[in-house]
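Here's the letter readout for the chains.
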Amino acid sequence: QVQLVESGGGLVQSGGSLRLSCAASGSIFSIYDMGWYRQAPGKQRELVAVITRYGYPNYTDSVKGRFTISRDNAKNTVYLQMNSLKPEDTAVYYCNAKVKVLITLSAENYWGQGTQVTVSS
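The rules behind these values
Residues numbered from 1 in each chain as written. Predicted model: local features only at pLDDT ≥ 70, side-chain atom pairs only at ≥ 80, totals over all residues. Heavy atoms only, no water. Helix = DSSP H or I, 4+ residues; strand = E, 2+ residues; numbered from the N terminus. Buried < 20%, exposed > 50% of the residue type's maximum accessible area, 1.4 Å probe, protein only. Areas by Shrake-Rupley, 256 points an atom, 1.4 Å probe, with all protein chains shown as cover. Lys, Arg positive; Asp, Glu negative; His and termini not counted. Charge placed at Lys NZ, Arg CZ, Asp CG, Glu CD. Disulfide = S-S within 2.5 Å.

Asks: Pulling in residues and values, what's your account of the overall build of the protein chain?
Replies: Helix and strand counts for the protein chain come out as 0 helices and 11 strands. Ordering the α and β elements of the protein chain from the N terminus gives β-β-β-β-β-β-β-β-β-β-β. Seen along its three principal axes, the alpha-carbon backbone of the protein chain occupies a region of about 50 × 25 × 20 Å. Burial status across the protein chain gives 39% buried among its 121 residues. Just so you have it, the protein chain exposes about 6500 Å², and 49% of that area is on carbon and sulfur atoms. Taken as two groups, the 12 positive and 8 negative side-chain charges of the protein chain have centres that lie 3 Å from each other.

Asks: Lay out unusual backbone geometry with the relevant residues and their values.
Replies: Positive phi is not limited to glycine here, since asparagine 76 has a value of about 50 degrees. If you trace the backbone, asparagine 76 turns up in the loop between strand E7 (67-72) and strand E8 (77-82). Accessibility expressed as a relative area gives 24% for asparagine 76, which makes it partly exposed. Within the chain, isoleucine 103 stands out as a residue other than glycine whose phi angle is a positive 75 degrees. With respect to the helices and strands, isoleucine 103 occurs in the loop between strand E9 (91-101) and strand E10 (107-111).

Asks: Any chance you could break down the state of the cysteines for me, citing the residues and the numbers?
Replies: For the structure shown, the criterion picks out 1 disulfide. The disulfide that involves cysteine 22 links it to cysteine 95, with 2.1 Å between the sulfurs. Its torsion about the S-S bond being -80 degrees, the disulfide of cysteine 22 and cysteine 95 is classed as left-handed. Residue cysteine 22 is located in strand E3 (residues 18-26), and its partner cysteine 95 is located in strand E9; the two are separated by 73 residues in the primary sequence. Judged by its relative accessible area of 0%, cysteine 95 is buried.

These figures capture arrangement, not role.
Structure (structure tokens):
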């Protein structure tokens, strides 16, 4: 089994910053893409940012220039630095990882439990 544990959410004023972290542990052979999704009340979960194993990032248009995704492969950890936060960024943020697991060497998708980010105006 693989576990993803997120941290770093909270309440911040508009224009402020937060940094999310997500550490993967368990039966990991290797990790492919890692990413962050978010889900606001009454809305579908959407992709925020994703980063390949080799460090190539991709962002949804609404966060480009404000958010930065990075990863530390040695620590199996992905980060999301969020600057210039807006009230519309308020959501539960979920970490996602595509993991090649031990024993079977199959690629499986895992999710974290979610962390709340609230931006006040």
